[in-house]
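Chain by chain, the residues:
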Amino acid sequence: MKTVIIKECDGIEIPDVYTFDLNKEAVKNCIGCWSCWWKTPGRCTFADLNEFYHHYITADKAIYFANVTKGFVSGNLKTLFDRMIPLYLPYTTYKTGESMHVPRYENYPDIEFYYEGNFERTSSRQIFEDYINRVFYQFYSKNIIIKPIREFADKGDSK
Amino acid sequence: MKTIILNGSPKGKSKKSNSQIFAEKFIEKMENPCEIKCIANNSSEELAHYIKDYDTIIFILPLYIHAMPGIVMKFIEELEPATYEGKHIGFIVQAGFIETAQHKYLERYFEELARQLNYGYLGTVVKGEAAGIYMYPQMFKKVLKLISNLGVAFEKTHAFDKEIVERLARPYELSKLKLIILRLINKVGLGNIGWHKMLRKNNSMDKRLDRPFL
Ligand SMILES: Cc1cc2nc3c(=O)[nH]c(=O)nc-3n(C[C@H](O)[C@H](O)[C@H](O)COP(=O)(O)O)c2cc1C
């Protein structure tokens, strides 16, 4: 089983796993040019994520360690989400009763999404979790787990 | 009341940005048109400082992966809560997909953000099926007229006109009939005509289903 890690929280080091550190990599912002759909299908006009794309799309599981920022995902992580568009086809399907893009690849990794940070209210947490869930649902990840980061630590202890 | 409009499209001040087209339409018929600034063409830090002089901020932006583009979130990170009452914030979000239920995650977050920032929340105006506006503006005359009327009403009342907002938000979901039609259009291959025209123009038709990262 292949796992990849995408992290922006401090203090998380998992040896021997491909780790994409959002604090170290300056991910270029999507510029909305549509090259990845119209000109070079499946490839972004920027090459900075090529290695990441390969690891991500060939992984069985992607584990995120995200910082809650103003009640949402950070701008850096949001940029990474935007840059996932080349992994999907431009075509729209209505199979589920709503508009969705058609997958470009056969498989997408399952998701474990751990977040660090507090919410002012229960409803704020719900807004955040619903959003993350929706993102990976439309990204065709089959199993999606979203939890506060302490639950990842607890899981480690019980092993 | 001083209002500033921020275009959140990564295309910035471009004729190809639907958000920019919306922004220009929004102020077109105002007596005193508001200033428009583009997040993509400014440093977030400087822009966050610049807008402190304004009572009201209106973001006009594209929906990106069910939310705001990364650059807009980077800008939001720079915003500080208002230190006095009476500041307002509102949003106009346009997107590619037809149904505006696609916007609901972002709408909920924007309302929450307004509260966090201690700004009065003017609401989030949503419009689907907007990706082609810059290519075929003639086909979207009605929509652009509504945006212009929205701006006129805003200048008078400092609020988004309910009736216009409701019209722009239609349809919220795809009706059974609409789904049947859309599926049929896809089945006979009509849904892809526009894409295939683009791909042919770029000599990449045969590569359209490529999986370069396996
Ligand atoms: C990276 C990316 C992500 C997008 N995500 C969505 C989406 O989740 N839902 C949607 O309906 N449209 C989505 N769109 C389409 C844009 O919202 C639409 O094309 C919009 O009109 C662009 O506005 P602009 O020209 O001002 O940049 C996305 C476009 C891009 C480039």
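Quantities reported herein were computed from a predicted structural model and do not represent experimental measurements. (Residues numbered from 1 in each chain as written. Chains lettered and ligands numbered in written order. Predicted model: local features only at pLDDT ≥ 70, side-chain atom pairs only at ≥ 80, totals over all residues. Heavy atoms only, no water.)

Student: Hey, could you run me through the sheet that holds strand β2 (residues 35–38) of chain B in this one?
Tutor: Each strand in a sheet pairs with its neighbour through backbone hydrogen bonds, running either in the same direction (parallel) or in the opposite one (antiparallel). Residues and elements named next belong to chain B. If you trace the five strands from one edge of the open sheet to the other, you get β2-β1-β3-β4-β5, paired in parallel fashion. Of all the strands in the sheet, just β2 and β5 (120–127) have a single pairing partner and so form its edges. If you compare each strand with its neighbour and ignore which way they point, the axes differ by 20° on average. Here strand β1 (residues 3–7) pairs with β2 via four bridges, running parallel. (Pairing = 2+ DSSP bridges. Helix = DSSP H or I, 4+ residues; strand = E, 2+ residues; numbered from the N terminus. Axes fitted to C-alpha atoms, helices over the stretch in contact; angles between N-to-C directions.)

Student: Any chance you could explain the interface of chain A and chain B here in plain terms?
Tutor: Where the parts come together, the accessible area they lose is often given as the size of the interface. Contact residues are listed per partner, giving 55 residues for chain A and 49 residues for chain B. Summing both partners gives a buried area of about 4800 Å² for chain A against chain B, and 60% of it is carried by carbon and sulfur. Between chain A and chain B we count three salt bridges in total. On inspection of chain A and its partner chain B, the count reaches 30 residue pairs in polar contact (both at pLDDT 80 or more). Per-element accounting of the side of chain A that touches chain B gives the leading share, eight residues, to helix α4 (residues 122–138) of chain A. In terms of residue class, the side of chain A that touches chain B is made up of 22 nonpolar, 20 polar and 13 charged. (Contact = heavy atoms within 4.5 Å. Buried area = accessible area lost by both parts, 1.4 Å probe. Salt bridge = Lys/Arg side-chain N within 4 Å of Asp/Glu carboxyl O. Polar contact = N/O pair within 3.5 Å; in protein donor to acceptor, adjacent residues only side chain to side chain. Nonpolar A, V, L, I, M, F, W, Y, C, P; charged D, E, K, R; others polar.)

Student: Where do I start with the packing of aromatic side chains in this structure?
Tutor: Residue and element names in this part refer to chain B. Taken as a whole, this structure holds 35 aromatic pairs over all chains when the rule is applied. Ring centres of F91 and F110 lie 3.7 Å apart, and the angle between their planes is 5°; on these two criteria the pair is classed as stacked. On the criterion of sequence distance, the pair formed by F91 in strand β4 (residues 88–94) and F110 in helix α4 (residues 104–116) is long-range, its members being 19 residues apart. Residue classification places F91 among the buried positions, given a relative accessible area of 0%. Taken together, a centroid distance of 6.2 Å and an interplanar angle of 40° make the contact between Y109 and F110 tilted. The exposure class assigned to Y109 is buried, which follows from its relative accessible area of 0%. Looking at F110, the relative accessible area reads 0%, which means it is buried. (Phe/Tyr/Trp six-rings, centres within 6.5 Å; stacked < 30°, edge-to-face > 60°. Buried < 20%, exposed > 50% of the residue type's maximum accessible area, 1.4 Å probe, protein only.)

Student: Please clarify how the pattern of salt bridges should be interpreted in this entry.
Tutor: Between side chains of opposite charge, a pair can form when the charged atoms approach closely. Scanning the entire structure with this criterion turns up 16 salt bridges over all chains. Where E120 of chain A meets R115 of chain B, a salt bridge forms, and the shortest distance between an N and an O atom there is 3.3 Å. Here the residue E120 of chain A occupies a position in the loop between β6 (110–116) and α4, and R115 of chain B occupies one in helix α4, the pair thus bridging two chains. For E120 of chain A, a relative accessible area of 56% corresponds to the exposed category. With its nearest N and O atoms 3.2 Å apart, the salt bridge here joins E112 of chain B to R115 of chain B. One end of the pair, E112 of chain B, and the other, R115 of chain B, are both in helix α4, three residues apart, so they sit about a helical turn from each other. With a relative accessible area of 6%, E112 of chain B lands in the buried category. Relative accessible area serves as the criterion here: at 31%, R115 of chain B is assigned to the partly exposed category. A single network of salt bridges, built from pairs that share partners, joins K7, E13, D21 and K24 of chain A.

Student: How should helix α1 (residues 18–28) of chain B be read in this particular structure?
Tutor: Helical geometry: 3.6 residues make up each α-helical turn, so side chains three or four residues apart lie on a common side. All names here are of chain B. The buried fraction of α1 amounts to eight of the eleven residues, a majority that puts the element mostly inside the structure. Three or more residues of α1 are buried, namely N18, S19, Q20, I21, F22, A23, F26 and I27. Tucked inside the fold, the buried residues of α1 contact β1, β2, β3 (56–62), β4, β5 and α5 (141–157). Structurally, the start of α1 carries an N-cap: the backbone nitrogen of S19 is 3.3 Å from a side-chain oxygen of S17.

Student: What's the story with the sheet that holds strand β3 (residues 61–67) of chain A in this structure? I'm lost.
Tutor: Residues and elements named next belong to chain A. Within the open sheet, the five strands sit side by side as β2-β1-β3-β6-β7. Their pairing is parallel. If you trace the sheet from one side to the other, it starts and ends with β2 (18–21) and β7 (144–148), each paired once. Strand-to-strand twist in this sheet, taken as the mean axis angle between neighbours without regard to direction, amounts to 15°. Here strand β1 (residues 3–7) pairs with β2 via four bridges, running parallel. What sits directly across from V4, in β2, is Y18. Contacts from helix α3 (residues 75–82) reach β1, β2, β3 and β6, with the element oriented near 150° to β3.

Everything listed is a geometric property; what it means functionally is a separate question.
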